[in-house]
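Below are the chains, spelled out letter by letter.
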Amino acid sequence: MGPIVVSGRPVQVRHQAPPVTAGSVRVSGHGGTLALAAARRYGVSALFTLSGGHVFPLYDAAVTTDPPLRLVDVRHEQTAVFAAEATARLTRTPGLAAVTAGPGVTNSVSAVTTAWFNGAPVVVLAGRAPDYRWGAGSLQEIDHPPLLAPVTKRAWTSHETAKVAASVDEAFRLALSPHRGPVFLDLSLEAIYGQAEADVPDASVPSAPAPDAGDVGRIAALLREARRPVLILGSDVWLSGAQDVARRAAEELQLPVIANGQARGVLPGGHDLLTTRARSTALRTADLVIVVGTPLDFRLGYGSFGPPDAPARVVHVADTAGGIATHVSLAASAAGDLTGFFTELTAQLADHPAAGRRAPTGADPDWGPRLAEAVRAASAADAPLLASDASPVHPARIYGELLKVLDDDAVVIGDGGDFVSFAGKYLEPARPGGWLDPGPFGCLGTGLGYAIAARIARPAAQVVLLLGDGAAGFSLMDADTLVRHRLPVVIICGNNGGWGLEKHPMRALYGYDVAADLQPGCRYDEVVRALGGAGELVAAAAGIGPALRRAFAANVPYLVNVVTDPEIAYPRSTTGV
């Protein structure tokens, strides 16, 4: 219920939020009240949005219900959805965004697609032109679900107020069901503004079934025979809550581990089995690669491992059968609960000599030491770059300084091309779940939305946004959101004055580049200062460390704008094409 007028003054009528108990509860009010009553049952504590009249009842429900739901309004709809996605990925509870009709929805599509590729449980609620005038050309009238259907688990419209709560409940249940992902629901103007009384169901989240023991047995048999095994852990290991059992399995079976996405930190930096820094050596020479919780996409060479004359056998494990790769020949696969997979694998190998931290029968005794030496060699080769005094600044020096001040529980966010690629190489998280990047869709502009959500989700932790100067153009205006909502974040901009990820490859292909230059030394720090935050420009390596310390101490949104050498390109072997 919205504001009512008493003697000419608006008065807010507050409703009690439905208790989070077993069983359904009866709720009355407009469609916004019913929608948020259902969302609260799934642990939603914040609504990310950009104001639009089609969704006013959601705002009314958020602020007039006791206790109120945190309402975070942003400067672009994609930021709202990125914030909801980051909430889901950091807290492993669903994220919620609301966008207005028409361009509000179309502006959100790239962010919804990013959540789709990342398997993030996000619900996007949208306004919709009225049914009674449909086809007559109402403001922002467009049929949204066909646009969102390819990148969501389901996209549909709720037309009746009395059915809104059930529709929202279904949206959250779908988003959280394995394999997790975004769900889109728009509400016609009649449905969201109308009044009704309805039952709000209790939260119900189906769990993934246990993987077939026979499938796990075949993987165990392959592991018994392998001489050079490698275990690759992906984001779904974290999102499904399997990070602890995955670590135990790796340690008990003495498996070298490569971690990507939010699995970074399952084995902390410096762990003797963590082989990420030697991934090229490991994946070129392995004879068995077990990939768990991530697709066999361009980031993993499309599932092609081992020497050309003796390809590695490949095992793929996902939380649903639909996630198992079909484009590559697999030696074995398993689908289901990832905690169950690691538990069953360890149990089936309990009598194996690998248990108890001994090398597996048949394993090459030099395999682990060889990879450990490759890690040490890579780290030694990095040291001069991390301490480089070069002018212009080598981007690696930024990470050398950041490593000195970064806490173990920090949330590190990457939004950029070459600059963030360096971060992936040099930063090894101490804990899982604290690394956020755009994922395989590669959408720039995630950073500010992720930072907004991270500060809310982890209020006591450092939040660091690593921002390429190209990426800054997509979302830096949302520094205003950080300021308005008092969300201190340290933003480090690697400013090389160009689109490095495109500039250097185009030069290699054509001998020249176009459309790849940005303004040299652009004052992105002054943009943040103008929006009410703080920041400074750094052009010399010696100034990076002091600037970072000032940024962390400032307790406001603070951008450290580091001008880096435009000729330094991140060395990469694939463009992802």
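The text that follows walks through the structure, step by step, so that each part is easy to find. Everything numeric here is computed off the predicted structure, so don't read it as measured data. (Residues numbered from 1 in each chain as written. Predicted model: local features only at pLDDT ≥ 70, side-chain atom pairs only at ≥ 80, totals over all residues. Heavy atoms only, no water.)

Right, let's talk about the nonpolar core for a bit. Among the nonpolar cores identified, the biggest contains 55 residues, and Phe-48, Ile-413, Leu-465, Leu-476 and Ile-491 are the most heavily contacted of them. Broken down by element, this core gets its largest block of residues, eight residues, from helix H3 (residues 77-91). When neighbours within four sequence positions are excluded, Ile-491 is seen to be in contact with Leu-448, Leu-465, Leu-467, Leu-482, Tyr-558, Leu-559 and Val-560. (Core = buried A, V, L, I, M, F, W, Y, C linked by side-chain atoms within 4.5 Å. Buried < 20%, exposed > 50% of the residue type's maximum accessible area, 1.4 Å probe, protein only. Helix = DSSP H or I, 4+ residues; strand = E, 2+ residues; numbered from the N terminus. Contact = heavy atoms within 4.5 Å.)

Let's shift gears to the packing of aromatic side chains. Counting across every chain of the model gives eleven aromatic pairs. On the numbers, 6.2 Å between centres and 45 degrees between planes, the contact of Phe-56 with Tyr-59 is tilted. Placement of the pair is Phe-56 and Tyr-59 together in helix H2 (residues 56-64), with a separation of three residues, close to one helical turn. Given the relative accessible area of 43%, Phe-56 is considered partly exposed. Consider the rings of Phe-422 and Tyr-570, whose centres lie 5.1 Å apart with planes at 85 degrees: the pair is edge-to-face. Note that Phe-422 is positioned in helix H16 (residues 418-426) and Tyr-570 in the segment after strand E23 (558-563), a separation of 148 residues in sequence. Among the residues examined, Phe-422 registers a relative accessible area of 4% and is labelled buried. One aromatic cluster in this structure is built from Tyr-399, Phe-419, Phe-422, Tyr-426 and Tyr-570. Over the face of the ring belonging to Trp-156 we find Arg-154, whose NZ or CZ atom lies 3.9 Å from the ring centre. In this arrangement the basic side chain of Arg-264 is found over the ring face of Trp-435, its NZ or CZ atom lying 4.3 Å from the centre. (Phe/Tyr/Trp six-rings, centres within 6.5 Å; stacked < 30°, edge-to-face > 60°. Lys NZ or Arg CZ within 6 Å of the ring centre and 35° of its normal.)

Before going further, it helps to spend a moment on the sheet that holds strand E14 (residues 257-259). Strand order in the open sheet made by the five strands is E14-E13-E15-E16-E17, with parallel pairing throughout. This sheet does not close on itself; its edge strands, each paired only once, are E14 and strand E17 (332-335). Put simply, the sheet's adjacent strands are angled 15 degrees from each other on average, direction ignored. Bridge count between strand E15 (residues 288-292) and strand E16 (residues 313-318): five bridges; the pairing is parallel. Paired with Val-291 across the bridge in E16 is His-316. (Pairing = 2+ DSSP bridges. Axes fitted to C-alpha atoms, helices over the stretch in contact; angles between N-to-C directions.)

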